[in-house]
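Here's the letter readout for the chains.
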Amino acid sequence: MEQSLLIAGNQSILNSDIAQEALSQKHRVLATYEPETEGPIIPSGLENNLHYVEWNRRSPISSRFVILQALNKEIELDHAILVFSPRNEKVMIHDLQSASIEEKIDFDAKGYLFLLKELTNYFMKRRKGSITFVIQN
């Protein structure tokens with residue numbers, strides 16, 4: 001049975017591996033990418049089952065847009081995988097600038113909470129679905 005997955009989070013090899021595994025099992029995949037980056041290249045032969053949508057983590061509207069894009073592409077999500085890969089920055093707290101702290105909270109915490117809210121609402125309305133959290137350290 002074909003299922004549909006959303007893979008969201010930091011661009012990493014893990015995201016690609018999860019997507020490749022899902023595609024090899026004939027599932028449909030909707031993957032997010034960050035607006036500052038170029039859209040990922042869709043591997044040849046997989047265009048029909050792999051779709052990308054832009055996700056700006058700092059915006060609650062963008063998180064809602066991820067769900068709307070799935071609906072526009074006629075993808076009913078069954079599972080969501082949220083991958084968090086913290087940046088490997090070793091800076092002492094007293095050396096951090098206030099703007100850097102604000103950016104980390106916006107990028108690393110709020111964005112995932114915005115998307116989690118939208119996904120929870122979506123799955124509750126459908127009365128089915130699951131969310132998996134992955135922290136890659």
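Residues numbered from 1 in each chain as written. Predicted model: local features only at pLDDT ≥ 70, side-chain atom pairs only at ≥ 80, totals over all residues. Heavy atoms only, no water.

**Brief notes about the sheet that holds strand β5 (residues 130-135)**
Note the cut-off: Strands are treated as partners if at least two bridges between them are detected by DSSP. Each helix corresponds to a stretch of at least 4 residues labelled H or I by DSSP, and each strand to a stretch of at least 2 residues labelled E; elements are numbered beginning at the N terminus. For every element, the axis is a line fit to its C-alpha atoms; helices are fit only across the contacting stretch, and the angle between N-to-C directions ranges from 0 to 180 degrees. Whether two residues touch is decided by their heavy atoms; if any such pair falls within 4.5 Å, the residues are in contact.
The parallel open sheet is built from 5 strands, whose spatial order is β3-β2-β1-β4-β5. The sheet terminates laterally at β3 (50-54) and β5, the two strands that pair on one side only. For this sheet, the mean angle separating the axes of adjacent strands, direction not counted, is 20°. Here 5 bridges tie strand β2 (residues 28-33) to β3, and the two strands are oriented parallel to one another. Residue pairing across strands places Val29 opposite Leu50, the latter belonging to β3. Each of β1 (4-9), β2, β3, β4 (79-84) and β5 touches helix α1 (residues 13-24); the most contacted strand, β1, lies at about 175° to it. The strands touched by helix α2 (residues 60-72) are β1, β2 and β3; relative to β3, the strand with the most contacts, the crossing angle is about 155°.

**Some thoughts on unusual backbone geometry**
Put simply, the rule reads: Throughout, exposure labels follow a simple rule: accessible area from a 1.4 Å probe, protein chains only, divided by the maximum for the residue type, with under 20% read as buried, over 50% as exposed, and the rest as partly exposed.
For Lys26, which is not glycine, the phi dihedral falls at a positive 70°. Secondary-structure assignment places Lys26 in the loop between α1 and β2. On the basis of relative accessibility, which here comes to 58%, the residue Lys26 falls in the exposed class.

**Details of the packing of α2 against helix α3 (residues 98-126)**
Filter applied, for reference: Should an angle lie under 35 degrees it is considered roughly parallel, over 145 roughly antiparallel, and from 65 to 115 roughly perpendicular; all remaining angles are considered oblique. Crossing handedness is defined as follows: a turn of the near helix away from the far one that is anticlockwise and smaller than a right angle gives a left-handed crossing, while the clockwise case is right-handed. Three classes are used, and their members are as follows: Ala, Val, Leu, Ile, Met, Phe, Trp, Tyr, Cys and Pro are nonpolar, Asp, Glu, Lys and Arg are charged, and the others, Gly among them, are polar.
Two numbers describe how α2 lies on α3: the axes approach to 8 Å, and their chain directions differ by 40°. The angle between the axes of α2 and α3 places the two elements in the oblique class. When you trace α2 past α3, the crossing you get is right-handed. Contacts between α2 and α3 involve Pro60, Ser63, Arg64, Val66, Ile67 and Leu71 from the first element and Gly111, Phe114, Leu115, Glu118, Leu119 and Tyr122 from the second. Of the residues in the contact of α2 with α3, the class split is 8 nonpolar, 2 polar and 2 charged.

**Description of α3**
Quick note on the threshold: Multiplying 1.5 Å by the residue count of a helix minus one yields the expected span of that helix. In this analysis the local bend is the angle between axes fitted, respectively, to the seven residues ending at and the seven residues starting at the residue.
Here α3 spans 41 Å end to end across 29 residues, near enough to the 42 Å set by a 1.5 Å rise per residue. Along α3, the helix axis deviates most sharply at Lys110, where the bend reaches about 35°. Listing the buried residues of α3 in full gives Asp106, Phe107, Asp108, Gly111, Tyr112, Leu115, Glu118, Leu119, Tyr122 and Phe123. On its buried side, α3 packs onto β1, α2, β4 and β5.

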